[in-house]
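Architecture at a glance
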Amino acid sequence: ETEAKVQGVGGCLMMEPLAKAEEEQDLAGQFLQLEQEQNALLRELPPFQDPVSYVYHPLDYAWELHSDFVRRYCCTPKRVLFLGMNPGPFGMAQTGVPFGEVWHVREWLRLEGTVRKPPHEHPTRPVLGLSCRRSEVS
């Protein structure tokens with residue numbers, strides 16, 4: 001238990017005890033690990049060119065809240081296929097939760113966690129996390 005491994009979380013490196021790493025082999029932990037691996041591959045893509053000026057990566061800056069969602073609601077096998085597209089500016093971009101309109105994430109799902117600011121933020125689409133009062137219309 002004194003040993004530790006380095007794990008990337010939300011773009012940051014964190015030390016994690018091996019005992020916890022072994023516990024992460026549950027379904028939610030496997031799903032989160034898969035997401036981290038896919039995000040690492042996405043980071044290797046070349047940057048977007050004009051006219052794209054802003055790209056948000058909610059699984060980087062909202063990882064804590066997203067992880068809470070996965071650990072609470074993706075911990076048992078499901079007979080569903082949950083697909084989505086780009087995150088809306090007042091949904092997943094704010095919360096890191098797929099289709100996660102802020103009020104529902106905060107009040108109905110009762111999720112908690114920190115949402116940091118993305119490194120390059122659009123002036124009319126600020127990331128406010130769970131304090132965002134705008135609603136996603138899509």
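Preceding this paragraph is the structure being described.
The rules we used
All residue numbers refer to position in the chain's written sequence, counted from 1. Only residues with pLDDT of at least 70 get local features here, since the model is predicted, and only at 80 or more are side-chain atom pairs given and counted; chain-wide, interface and lining totals rely on the full set of residues. For side-chain calculations, the full set of non-hydrogen atoms in the structure is used, while hydrogens and water are omitted. A run of H or I in DSSP becomes a helix once it reaches four residues, and a run of E becomes a strand once it reaches two; helices and strands are each numbered from the N terminus. Remark: exposure states derive from per-residue accessible area (1.4 Å probe, protein chains only) relative to the maximum for the residue type, with buried under 20%, exposed over 50%, and partly exposed in between. Residue contacts are defined here by distance: any two heavy atoms, one from each residue, within 4.5 Å place the two residues in contact. The protein chains shown are the only cover counted for residues, whose accessible areas, like all others here, come from Shrake-Rupley with a 1.4 Å probe. Side-chain atoms within 4.5 Å are what join buried Ala, Val, Leu, Ile, Met, Phe, Trp, Tyr and Cys residues into a set we call a nonpolar core. N or O atoms closer than or at 3.5 Å make up a polar contact, with two conditions inside protein: a donor-capable atom paired with an acceptor-capable one, and, for residues adjacent in sequence, both atoms drawn from side chains. What a helix should span is 1.5 Å times the count of its residues minus one. Working definition: the arc comes from the directions between the helix axis and the C-beta atoms, pointing outward to the latter. Disulfides are defined as pairs of cysteine sulfur atoms found within 2.5 Å of each other. Pairing of aromatic rings covers Phe, Tyr and Trp, the last counted by its six-membered ring, and requires centre-to-centre distances within 6.5 Å; plane angles under 30 degrees mean stacked, over 60 mean edge-to-face, and any other angle means tilted.

**Quick look at the overall build of the chain**
Across its full length, the chain carries six helices and two strands. Shown N-terminal to C-terminal, the secondary structure of the chain runs as helices and strands in the order β-β-α-α-α-α-α-α. For the chain, the residues scored as buried account for 35% of the 138 residues in total. When contacts within the chain are restricted to residue pairs at least 6 apart in sequence, long-range pairs at least 24 apart make up 68% of them. Total accessible area on the chain stands at roughly 9,700 Å², and carbon and sulfur atoms take up 59% of it.

**Digging into the nonpolar core**
Tyr-61, Leu-65, Phe-69, Val-105, Leu-111 and Val-115 are the most contacted members of the largest nonpolar core, which has 19 residues in total. Going through the elements one at a time, helix 2 (27–43), helix 3 (58–61), helix 4 (63–73) and helix 5 (92–95) are the ones with two or more residues in this core. Examining the composition of this core, we find that four residues originate from one element, helix 4, more than from any other. Not counting the four nearest positions on each side in its chain, Val-105 is found in contact with Leu-65, Thr-95, Val-97, Gly-100, Arg-110, Leu-111 and Leu-130.

**Notes on the environment of Gln-49**
Residue position: Gln-49 is located in the loop between helix 2 and helix 3. Here the side chain of Gln-49 touches Pro-47 through a polar contact of 3.3 Å, landing on its backbone oxygen.

**Details of helix 2**
Here helix 2 is 17 residues long and its end C-alpha atoms lie 24 Å apart, about the 24 Å a rise of 1.5 Å per residue gives. Of the positions making up helix 2, those classed as buried are Ala-28, Gly-29, Leu-32, Glu-35, Gln-36 and Asn-39. Each buried residue of helix 2 sits inside an arc of 120° when the element is viewed along its axis, so together they form one side.

**Regarding the environment of Asp-68**
Among the secondary structure elements, Asp-68 is positioned in helix 4. Separated by 29 residues in sequence, Asp-68 and Val-97 have C-alpha atoms that sit 9.2 Å apart.

**Some thoughts on the environment of Val-97**
Residue placement: Val-97 occurs in the loop between helix 5 and helix 6 (102–108). Along the backbone, Val-97 and Leu-59 are 38 residues apart, and their C-alpha atoms lie at a distance of 8.6 Å. Residues contacting Val-97, with those up to four places away along its chain left out, are Leu-65, His-66, Phe-69, Met-92, Val-105 and Leu-111.

**A few points about the state of the cysteines**
Tallied over the full model, the rule gives zero disulfides. Left without a disulfide partner, Cys-74 is nearest to the cysteine sulfur of Cys-75, which lies 7.7 Å away. For Cys-74, a relative accessible area of 22% translates into the label partly exposed.

**Some details on the packing of aromatic side chains**
Scanning all chains against the criterion turns up two aromatic pairs. Ring geometry for Tyr-56 versus Tyr-61: centroids 6.2 Å apart, planes at 90°, classification edge-to-face. Pair check on accessibility: Tyr-56 and Tyr-61 agree, each one buried.

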